[in-house]
Amino acid sequence: MTCKNCLEKPVINLINNNIKLCKKHFNKYFEKKVFKTIKDYKLIGKNDKVAVGLSGGKFSLTLLSLLLKLKNKIKIFDLEAIAIDEGIKGYRDKTLDNAIKYCGENNVRLNIFSYKEEFGNTLDNFLKKSSMKACSMCGPFRRYLLNKKSKELGFTKLATGHNLDDEAQTIMMNYFRRNLETSARLGPITGILKDKRFIKRIKPLYFLTEKEIATYAFLNNLINEFSECPHSSDSYRGDVRDFLNKKHSIITSFIEILPLLKEHFKNTLELKNCKICDEPCSQEICQTCKIVEILKKR
Ligand code: SF4
């Protein structure tokens, strides 16, 4: 059995295209797909200052390595990394070490912020005094900090390692919750409204599967072991993930209706500023401040 394009041994079977590729041709396929997504969806422009949301796991390290390649090639944008330390012992400390090591070796400025400093405690400790599910607390906290700190540091785009699997899961979660409006914010570049209070999030790995990204990360020595957040299966997303197997058709049909969704919900959204922290939100008090208030009372 050989690679579709040469006589080398294949390293991956791309199920959706039914082709087998060797390391060299898989790398070529992978990088071409990422750069095409950036170009087709105009994810990065001249003079952008891009922050990669870096966890130190396979997705974000792959993303950073590719954006570095692009930056060195076209030299029209700035690139740094931003990491959030949630305080998940035995997990985040390890992936943060990977992030620090990679950025040190590749001369990338890494900005680190923690829940402990910003919200007063680690996620591990917050969970001890709350019955909330880990991701229901952690997700809003992390999105909040990434947006706030990216603004403060002057970034114009925040690049995340979200991929085809993540997006398919989110679309299905929103369908199950009958929440089409939230889906309108998705896509390779997020958001419905242009508003300077929100840093645009871009997802250059949007059309690649978790399997493809993990293969790329291993083949290119970006990681040498898998690590997963201990809370990742204890969430609604974890349940939805188990149901999904038709990822490509979900994303393909979603991309077709996405412009209509954005147009439809454009005028129904009213952005406010949180009465407590002044960050942008859709209600009087943002989700993060609500959680912080609950935690304070306990
Ligand atoms: Fe936070 Fe949940 Fe992600 Fe773990 S899986 S880092 S708890 S959002």
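Residues numbered from 1 in each chain as written. Predicted model: local features only at pLDDT ≥ 70, side-chain atom pairs only at ≥ 80, totals over all residues. Heavy atoms only, no water.

(A) View of the nonpolar core. Core analysis: the biggest nonpolar cluster contains 40 residues, and Leu21, Phe26, Phe30, Ile44, Leu64, Leu67 and Leu79 have the highest contact counts within it. For this core, the elements supplying multiple residues, two or more each, are strand 1 (12-14), strand 2 (19-21), helix 1 (23-40), strand 3 (49-53), helix 2 (58-74), strand 4 (78-85), helix 3 (92-106) and helix 9 (210-219). At eight residues, helix 2 tops the list of elements feeding residues into this core. By size, the runner-up hydrophobic cluster in this structure holds 29 residues, among which are Tyr91, Phe126, Leu146 and Leu158. (Core = buried A, V, L, I, M, F, W, Y, C linked by side-chain atoms within 4.5 Å. Buried < 20%, exposed > 50% of the residue type's maximum accessible area, 1.4 Å probe, protein only. Helix = DSSP H or I, 4+ residues; strand = E, 2+ residues; numbered from the N terminus.)

(B) Seen up close, the site of the ligand. Every residue close to the ligand is listed here: Glu86, Ile88, Arg92, Leu123, Cys135, Cys138, Arg142, Cys229, His231 and Ser232. Per-element accounting of the shell around the ligand gives the leading share, three residues, to helix 6 (residues 134-152). Classifying every residue of the shell around the ligand gives five nonpolar, two polar and three charged. (Near = heavy atom within 4 Å. Nonpolar A, V, L, I, M, F, W, Y, C, P; charged D, E, K, R; others polar.)

(C) View of the pattern of salt bridges. Counted under the stated rule, the structure contains 15 salt bridges. The salt bridge involving lysine 148 is made with glutamate 152; its shortest N-O contact spans 3.8 Å. In this pair, lysine 148 and glutamate 152 both sit in helix 6, four residues apart, roughly one turn of the helix. Glutamate 284 serves as the salt-bridge partner of lysine 275, at 2.9 Å between the closest nitrogen and oxygen. Look at lysine 275 and you get exposed, because its relative accessible area is 63%. Classification of glutamate 284 as partly exposed rests on a relative accessible area of 39%. Each of the salt bridges in this network shares a partner with another, and the network as a whole consists of Glu118, Lys148, Lys149 and Glu152. (Salt bridge = Lys/Arg side-chain N within 4 Å of Asp/Glu carboxyl O.)

(D) Fine view of a nonpolar patch on the surface. Taken together, Tyr175, Phe176, Leu180 and Ile257 make up a surface patch of nonpolar side chains, about 350 Å² in accessible area. Secondary-structure assignment places phenylalanine 176 in helix 7 (residues 164-176). (Patch = residues over 30% accessible without salt bridge, like charges linked within 9 Å, V, L, I, M, F, W, Y side chains within 5 Å. Areas by Shrake-Rupley, 256 points an atom, 1.4 Å probe, with all protein chains shown as cover.)

(E) The arrangement of the environment of glutamate 117 in detail. Along the chain, the position of glutamate 117 falls in helix 4 (residues 115-119). Accessibility expressed as a relative area gives 68% for glutamate 117, which makes it exposed. Glutamate 117 sits 152 residues away from leucine 269 along the chain, and the two C-alpha atoms are 32 Å apart.

(F) Representation of the sheet that holds strand 3. Pairing is parallel across the open sheet formed by five strands, whose spatial order is 5-4-3-6-7. In this open sheet, the two edge strands, each paired with only one partner strand, are strand 5 (110-114) and strand 7 (200-202). The sheet shows a mean angle of 30 degrees between the axes of neighbouring strands, taken without regard to direction. Examined bridge by bridge, strand 6 (residues 157-159) and strand 7 share three bridges and lie parallel to one another. Within strand 7, the residue paired with alanine 159 across the bridge is isoleucine 202. Sheet strands in contact with helix 2 are strand 3, strand 4 and strand 6, and its direction is about 155 degrees off that of strand 3. Taken strand by strand, helix 3 contacts strand 4 and strand 5, and its axis lies near 160 degrees from that of strand 4. (Pairing = 2+ DSSP bridges. Axes fitted to C-alpha atoms, helices over the stretch in contact; angles between N-to-C directions. Contact = heavy atoms within 4.5 Å.)

Structural measurements only, silent on function.
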